[in-house]
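A look at the structure
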Amino acid sequence: MPELPEVEIVKQSLKKSIKYKKIQKVIVYNRNLRFKVANNFEKILKNEIITEVSRFSKYIILHFKNENYCIIHLGMTGTFHLIENLKKKKNTNLSFYQSTTLPKKHNHIKIIFKNFKIIYNDPRRFGFFEIIDDKKKLDSYFQKKGPEPLSKKFNYKYLKNRLSNKKKNIKNLLLDQNFVSGIGNIYANEILFYSQINPRKSGFKIKDAEIRDIVKYSKLVLKLAIKHGGSTIRDFKNMKGSYGSFQKKFKIYGREGKNCTRNKCDGTICKIYQTNRSSFFCILCQK
DNA sequence: CCGTTAACCTGAGAGC
DNA sequence: TGCTCTCAGGTTAACG
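Below, the structure is looked at part by part. (Residues numbered from 1 in each chain as written. Chains lettered and ligands numbered in written order. Predicted model: local features only at pLDDT ≥ 70, side-chain atom pairs only at ≥ 80, totals over all residues. Heavy atoms only, no water.)

According to the stated counting rule, one finds 11 salt bridges in the structure shown. Across the pair Arg31 and Glu42 runs a salt bridge, and its minimum N-O distance is 2.7 Å. Taken as a pair, Arg31 in the loop between β1 (25-28) and α2 (41-45) and Glu42 in helix α2 lie far apart in primary sequence, 11 residues in all. Pair check on accessibility: Arg31 and Glu42 agree, each one buried. (Salt bridge = Lys/Arg side-chain N within 4 Å of Asp/Glu carboxyl O. Helix = DSSP H or I, 4+ residues; strand = E, 2+ residues; numbered from the N terminus. Buried < 20%, exposed > 50% of the residue type's maximum accessible area, 1.4 Å probe, protein only.)

Quick look at the structure:
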């Protein structure tokens, strides 16, 4: 589910509701997420004040007053739900999947504040919560990752340098979080469509003008997706609301067999698999 | 160093 | 109605 734009949307709504708030109590119903939730997780968070909610790549970071940090990853299916204690206005949702009711299954963590609580739901349990106990460890955690596509570090010079010796195809390079951090399968496909590059093309074969396009369109597509509230793919028929709408703007993802959406292009969109991930591209205009 | 594969999980949807 | 199969927005350990 969540690539950089979706995580950014979740971060924004989390921030709005929990920044400067004090955690009263934490309940962990299931510790078996991607990494086991620490046994002292509840104890560490209890009575802590959240001083900031930030994001790097697909990670959300809660900052606490005592200089502890909590790194959160949503995996494929992690969502947060805000439940207010008010009688009139309950079940307000702050998740990426908009819902009017809380799912019954797979609620793993509950964080209780004075007038509301947030619940972490994750059917596949690929997400995780990890406590980091000082700033240096936090920094080194992210230093190993590639630059954020929206940051200034992700520029022509960086890409030119890194691509020159890469035999690997550009699609898998964009998905490699140590190469660039935050792009997932949907946006990798979209970025390559905008840049008119075949996903099978080797890194070292990418031309200078194409490198500039990848930089340009990575930023453009991700920003546009954030503007539209991210993408909601699965159609939750029983749930109301429509937080993410960028799926309506997809140019290439999930459009196999259809005509190319590029102006004046007569190509057909085809689907292939690269390292078990689906790739979509136009056979005519992506060279 | 490189690239590939399987593994971690559940649920939706297709096909029979 | 139900079985079996494939696929899904992500990451990473293990292998050759």
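Now for the nonpolar core. One finds Leu159, Leu163, Ile170, Leu174, Ile183, Tyr187 and Ile214 to be the most contacted residues of the largest nonpolar core, which totals 37 residues. Elements supplying a minimum of two residues to this core: α4 (156-163), α5 (170-175), α6 (185-194), α7 (208-227) and β10 (277-282). Sequence-distant contacts of Tyr187, defined by excluding residues within four places in its chain, comprise Glu3, Pro5, Glu6, Val221, Leu222, Ala225, Gly230, Ser231 and Phe246. Listed in part, the 28 residues of the second largest apolar core include Val10, Val37, Phe116 and Phe129. (Core = buried A, V, L, I, M, F, W, Y, C linked by side-chain atoms within 4.5 Å. Contact = heavy atoms within 4.5 Å.)

So, on to the protein's contact with DNA strand B. The local shell around DNA strand B consists of Arg34, Lys105, His106, Pro123, Arg124, Arg125, Phe126, Lys167, Lys168 and Thr275. A distance of 3.2 Å is found between a phosphate oxygen of DNA strand B and a backbone nitrogen or oxygen belonging to Lys168. For the surface near DNA strand B, the class distribution of residues is two nonpolar, two polar and six charged. (Near = heavy atom within 4 Å. Polar contact = N/O pair within 3.5 Å; in protein donor to acceptor, adjacent residues only side chain to side chain. Nonpolar A, V, L, I, M, F, W, Y, C, P; charged D, E, K, R; others polar.)

Turning next to the packing of α4 against α7. At a minimum axis distance of 9 Å, the contact between α4 and α7 shows a crossing angle of 125°. When the axis of α4 is compared with that of α7, the two are oblique. The two elements α4 and α7 meet at a crossing, and its hand is right-handed. Residues Tyr156, Leu159, Lys160 and Leu163 of α4 form the contact with α7, whose own contacting residues are Asp208, Ile211, Arg212, Ile214 and Val215. (Axes fitted to C-alpha atoms, helices over the stretch in contact; angles between N-to-C directions. Parallel < 35°, antiparallel > 145°, perpendicular 65-115°, else oblique. Left-handed = near helix turned anticlockwise from the far one by under 90°.)

Moving on: the side chain of His81. Relative to the elements of secondary structure, His81 occurs in strand β5 (residues 79-84). What makes His81 buried here is its relative accessible area of 5%.

For the structure on display, the rule yields 19 aromatic pairs. Summarising the aromatic geometry, the rings of Phe246 and Phe250 are spaced 6.0 Å apart at their centres and angled 75° between planes, so their arrangement reads as edge-to-face. The two residues Phe246 and Phe250 agree in class, both being buried. Aromatic rings pair up to connect Phe35, Phe56, Tyr59, Phe128, Tyr141 and Phe142 into one cluster. When the ring centre of Tyr156 is taken as origin, the NZ or CZ atom of Arg212, which lies over that ring, is 3.9 Å away. Sitting above the plane of the Phe193 ring, Arg262 keeps its charged end 4.3 Å from the centroid. (Phe/Tyr/Trp six-rings, centres within 6.5 Å; stacked < 30°, edge-to-face > 60°. Lys NZ or Arg CZ within 6 Å of the ring centre and 35° of its normal.)

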